[in-house]
Amino acid sequence: MPVPIPRHIAIVMDGNGRWARRRLLPRAAGHRQGMEALRRCIRACLARGVEALTVFAFSSENWRRPADEVNSLMELLAKALTREVPELEAAGVRIYFVGDRQSLTDHVRQGLAQAEADTAHNSKLVLNVCFNYGGRWDIAQAAAQVAARLAERGEPVTEAAFSEALPGALALAHMSDPDLLIRTGGEQRLSNFLLWQCAYSELFFSERLWPDFDETALDQAIAAYAARERRFGRTGEQIKLVQTAAQTIAI
Ligand code: IPE
Ligand code: IPE
Ligand code: MG
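What you see is a predicted model, and the numbers here were worked out from it, not measured in a lab. (Residues numbered from 1 in each chain as written. Chains lettered and ligands numbered in written order. Predicted model: local features only at pLDDT ≥ 70, side-chain atom pairs only at ≥ 80, totals over all residues. Heavy atoms only, no water.)

Asker: Just checking my understanding: could you explain the overall build of the chain for this structure?
Answerer: Helix and strand counts for the chain come out as 9 helices and 6 strands. With 251 residues in all, the chain has 43% of them scored as buried. Restricting the contact set of the chain to residue pairs at least 6 apart, pairs at least 24 apart contribute 76%. Here the chain carries 30 positive and 30 negative side-chain charges, and the mean point of each set is 4 Å from the other. (Helix = DSSP H or I, 4+ residues; strand = E, 2+ residues; numbered from the N terminus. Buried < 20%, exposed > 50% of the residue type's maximum accessible area, 1.4 Å probe, protein only. Contact = heavy atoms within 4.5 Å. Lys, Arg positive; Asp, Glu negative; His and termini not counted. Charge placed at Lys NZ, Arg CZ, Asp CG, Glu CD.)

Asker: How do you make sense of the pattern of salt bridges when you look at a structure like this?
Answerer: Should the charged atoms of two oppositely charged side chains come close, the side chains can pair. Inspection of every chain in the model, using the stated rule, returns 19 salt bridges. The residue Arg18 makes a salt bridge to Glu187 at a minimum N-O spacing of 3.8 Å. Taken together, the positions of Arg18 in helix α1 (residues 16-22) and Glu187 in the loop between β5 (180-183) and β6 (202-205) put the pair 169 residues apart, joining distant regions of the chain. What makes Arg18 partly exposed here is its relative accessible area of 23%. Note that Glu155 and Arg153 form a salt bridge whose closest N and O atoms lie 3.2 Å from each other. Through salt bridges that share partners, Asp14, Arg18, Arg183, Glu187 and Arg189 make up one connected network. (Salt bridge = Lys/Arg side-chain N within 4 Å of Asp/Glu carboxyl O.)

Asker: Where do I start with the site of ligand 1 in this structure?
Answerer: Near ligand 1 you find 13 residues, and of these Asp14, Gly17, Arg18, Arg27 and Arg65 are the closest. Between Asn16 and ligand 1, the recorded distance is 3.1 Å, taken from a backbone N or O atom to an oxygen atom. In this structure, Gly17 approaches ligand 1 through a main-chain N or O atom, which is 2.9 Å from an oxygen atom. Given that more than half its atoms are within 2 Å of the pocket grid, ligand 1 belongs to the largest pocket. At the level of elements, α1, α2 (27-48) and α3 (67-83) are the ones that each hand at least two residues to the shell around ligand 1. Broken down by element, the shell around ligand 1 gets its largest block of residues, 3 residues, from α1. Partitioning the shell around ligand 1 into residue classes produces 3 nonpolar, 5 polar and 5 charged. (Near = heavy atom within 4 Å. Polar contact = N/O pair within 3.5 Å; in protein donor to acceptor, adjacent residues only side chain to side chain. 1 Å grid on protein atoms, 1.4 Å probe; cavity = no way out; pocket = protein on both sides within 12 Å on 5 of 7 lines; lining within 4 Å. Sits in = over half its atoms within 2 Å of the grid points. Nonpolar A, V, L, I, M, F, W, Y, C, P; charged D, E, K, R; others polar.)

Asker: Just to check I follow, could you spell out α2 for this structure?
Answerer: Residues separated by three or four positions in an α-helix point in the same direction, a consequence of the helix having 3.6 residues per turn. In a regular helix each residue adds 1.5 Å, so 22 residues correspond to 32 Å; α2 covers 31 Å between its end C-alpha atoms and thus fits that length. Burial in α2 covers these residues: Ala29, Gly30, His31, Gly34, Met35, Ala37, Leu38, Cys41, Ile42, Ala44 and Cys45. Among the residues trailing α2, Gly49 stands out with phi positive, at a value near 75°. (Expected span 1.5 Å × (residues − 1).)

Asker: Just checking my understanding: could you explain the site of ligand 2 for this structure?
Answerer: What surrounds ligand 2 is the set Val12, Met13, Asp14, Phe56, Ala57, Phe58, Asn62, Arg65, Arg183, Arg189 and Ser191. In this structure, an oxygen atom belonging to ligand 2 sits 3.2 Å away from a side-chain N or O atom of Asp14. Protein contact buries 78% of the 390 Å² of open area that ligand 2 shows by itself. When atom positions are compared with the pocket grids, ligand 2 is found to occupy the largest pocket. At 3 residues, the largest contribution of residues to the shell around ligand 2 is made by strand β2 (residues 52-59). (Areas by Shrake-Rupley, 256 points an atom, 1.4 Å probe, with all protein chains shown as cover.)

So this is what it looks like as structure tokens:
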């Protein structure tokens, strides 16, 4: 039987700095190699029929790093916009940039908008690049939008109105929630990634540093996902009943 493929995979691409340090290279070299790993991973997702890939490229907290490393990451983003986007466009990838754009330069902001517009007609794979993203920022910006909308209509912020409108105001409102969240680099934490959206994602932690993450490692994560039972609060017996009913209808 074929392995069920997660429709939406999210990845915390961690370990670039350690990869570089082990080779006595500057951290920026690790980030450049990380870009190669991302290219490989996108190709692998396309080949496996994954519908969406969401990657954490720069967190709200990564501004705390030394200025030269932050600059190298900004440069890498700018370069990716010119070098990678045409190839992704040709491969059928639709790109979204997810995060707070206010602190980015005008030039980069324009590049992000252009990449989104240039790939808007594609539908093979959705690639969400989370850049200057933080889960708390996301929830706060969505809450502000909802509160403003309700105030405009003169409606009170009730629990029901709020929880109905909030998911649609989050930065990944165009997506279903991630089925599988992978973190490379050996750490087992979220580091302020998709706090709301990963409520029921299956978690997979890999010891591999992100620049070393390849197709085999991705397949291991997918195989681990396929072996899990997603219960969403129900019992295992209830899940089996639903599966049996679905199989009977399919026959
Ligand atoms: C992840 O790799 C990339 C970014 C956070 C931008 P790191 O740079 O965090 O690598 P380590 O964790 O220091 O090895
Ligand atoms: C998370 O990695 C952010 C990205 C991969 C972009 P970090 O390396 O910044 O996370 P912490 O600081 O170890 O939690
Ligand atoms: Mg790290």
